[in-house]
Amino acid sequence: MYSLKVADFNLHHTLSCGQVFRWDCTGGWWSGIVSGKVIRIAQEDDELFVDSPHSEALIRSYFRLDDDLGSIYASLRRDAKLSGLLDMYRGLRLIRQEPWECLVSYLCSSNNTIRNIRNAIRNMSMCFGAQISDGKYAFPAPEELARAECSELRECRLGFRADVVRATAGLVAGGEFDLEGLRELRYEDAKEALQSLKGVGPKIADCVCLFALDKLEAFPVDVHIERIMKEYYSACRELKKDAIGDFARGYFGGYCGYAQEYLYFEEMKKGKREADTAISLAEDT
DNA sequence: CCCCAGGTGTCAG
DNA sequence: CTGACACATGGG
């Protein structure tokens, strides 16, 4: 167990905003699995308490604690809407995910719910990943998923996504697709390369670029982002998803990926508030 | 039994 | 190039 001082960091926002799928919070402590090792972590004010075999350097890299949020915020304050979100969710940071787990996670995201995505990832890890400790499993390597039968992946509740996950695992395990190498490419080239994979379109490619490949100018546009962008920015009213991403890059600039995360978190919380309201209204009747 | 969920591939027009 | 539709699975 060790601690480290942090500034402009909010652990809870960072892990709750929907960018990662394998973290859980109990009693103020978050626990997750990164690079095959368990991390337990908690925050009190500007101090982070870490219980993990991972080094402090790994933790700092994973949570992007070296990003200068002050200057990123300054570059994003283009309007009152986003500016309000930056203040409301101050300290929310992008996470530097592992490319392979990130790619598979978002392959599972198409036409799916967060809950089902989390279950599929947990099932795959239990079936094909190395056991770390009681009930804890590493995310399976490409070779491990490449060895899986599609029927076994179906049993992990991947649904129609089983085929593309297995095919992608085969390409990455066989060295035919150099996922790690994409980090060296420009954003546009990395995105194009990802889209050559079956099951990867513009949205999933942008997620991998942003969450795992350090392409902070990526702006994934899903149905939620499309909705909130059209609500906040009249220029987006008539635009399609791809054009909304281009608009965001031009409007917010090179750190628009950070803007996307705040907008997504807000839209997610708004949806949850509406659902809670609907429940309480139903209880009233 | 309807609809929807961090989309994408396919196939008419 | 554009729009409609299917796709497994779980939940409202």
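Given the structure is predicted, the values throughout are model-derived calculations rather than measurements.

1. Description of the packing of helix α12 (residues 223-232) against helix α13 (residues 241-252)
Here comes step 1: Put simply, α12 and α13 touch, their axes get as near as 11 Å, and they point 60 degrees apart. When the axis of α12 is compared with that of α13, the two are oblique. Considering only the axes of α12 and α13, their crossing is left-handed. Packed against α12, whose contacting residues are Val223, Glu226, Met229 and Lys230, the element α13 presents Lys241, Ile244, Phe247, Ala248 and Phe252 at the interface.
Here comes step 2: Split by residue class, the contact of α12 with α13 holds six nonpolar, no polar and three charged.

2. Concerning the domain arrangement of chain A
Interfaces are often described in size by the accessible area the parts lose on coming together.
Here comes step 1: Its domain assignment divides chain A into domain 1 (2-82), domain 2 (99-212) and domain 3 (223-284).
Here comes step 2: For domain 1 versus domain 2, the distance between C-alpha centres works out to 23 Å.
Here comes step 3: Between domain 1 and domain 2, the residue contacts involve eleven residues of the former and 14 residues of the latter.
Here comes step 4: Carbon and sulfur atoms make up 58% of the surface buried where domain 1 meets domain 2, a total of about 1,100 Å² over both sides.
Here comes step 5: Applying the counting criterion to the domain 1 and domain 2 interface returns one salt bridge.
Here comes step 6: A salt bridge links Arg118 to Asp24; the shortest N-O distance between them is 2.7 Å.
Here comes step 7: Scanning the region where domain 1 abuts domain 2 turns up six residue pairs in polar contact (both at pLDDT 80 or more).
Here comes step 8: For the side of domain 1 that touches domain 2, the secondary structure elements donating two or more residues are β3 (29-34) and β4 (37-44).

3. What about the protein's contact with DNA strand C?
Here comes step 1: Close to DNA strand C lie Asn111, Arg115, Asn116, Arg154, Arg157, Gly159, Phe160, Arg161 and Lys240.
Here comes step 2: Counted by atom, the contact set of DNA strand C within 4 Å of the protein is 62% sugar and phosphate.
Here comes step 3: Between a phosphate oxygen of DNA strand C and a side-chain N or O atom of Arg157, the distance comes to 3.1 Å.
Here comes step 4: Taking Lys240, its side chain carries an N or O atom lying 2.9 Å from a phosphate oxygen of DNA strand C.
Here comes step 5: Classifying every residue of the surface near DNA strand C by side-chain character gives one nonpolar, three polar and five charged.

4. Side note on the sheet that holds strand β2 (residues 24-26)
Here comes step 1: Spatially, the five strands line up as an open sheet ordered β1-β5-β4-β3-β2, and their pairing is antiparallel. Of all strands in the sheet, those with a lone pairing partner are β1 (2-5) and β2, marking the two edges. The mean angle between the axes of side-by-side strands here comes to 30 degrees, regardless of whether they run parallel or antiparallel.
Here comes step 2: Relative to β4, β3 is paired through five bridges, and the arrangement is antiparallel. Looking across to β4, one finds that Val34 is bridged to Lys37.

Rules and cut-offs
Sequence positions are assigned chain by chain, starting from 1 and proceeding in written order. Numbering of ligands from 1 and lettering of chains from A proceed in the order in which they are written. Two thresholds apply to this predicted model, a pLDDT of at least 70 for residue-level local features and 80 or more for giving and counting side-chain atom pairs, whereas whole-chain, interface and lining totals are computed over all residues. The basis for the side-chain values is all heavy atoms of the structure; hydrogens and waters are excluded. Under this scheme, a helix contributes an axis fitted over its contacting stretch, all axes are lines through C-alpha atoms, and angles between N-to-C directions fall in the 0 to 180 degree range. Strands here mean DSSP runs of E at least two residues long; helices mean DSSP runs of H or I at least four residues long; both are numbered from the N terminus. Note on angle classes: values under 35 degrees are labelled roughly parallel, values over 145 roughly antiparallel, values of 65 to 115 roughly perpendicular, and the remainder oblique. A crossing counts as left-handed when the near helix is turned anticlockwise from the far one by less than a right angle, and as right-handed when that turn is clockwise. When checking whether two residues touch, look at their non-hydrogen atoms; a contact exists if any pair is within 4.5 Å. Residue polarity follows a fixed list, in which Ala, Val, Leu, Ile, Met, Phe, Trp, Tyr, Cys and Pro are nonpolar, Asp, Glu, Lys and Arg are charged, and the others, Gly among them, are polar. Domain limits in this description derive from either an automatic procedure or a database domain assignment. The term buried area refers to how much accessible surface (probe radius 1.4 Å) is lost by two components on association, counted for both of them together. Should a side-chain nitrogen of Lys or Arg be within 4 Å of a carboxyl oxygen of Asp or Glu, the pair is scored as a salt bridge. Polar contacts, as counted here, are pairs of nitrogen or oxygen atoms within 3.5 Å of one another; within protein the pair requires one atom able to donate a hydrogen and one able to accept it, and residues that are adjacent in sequence qualify only if both atoms are side-chain atoms. Throughout this document, a residue counts as near a molecule or strand when at least one of its heavy atoms sits within 4 Å of that molecule or strand. Should DSSP find at least two bridges between two strands, the strands are regarded as paired.

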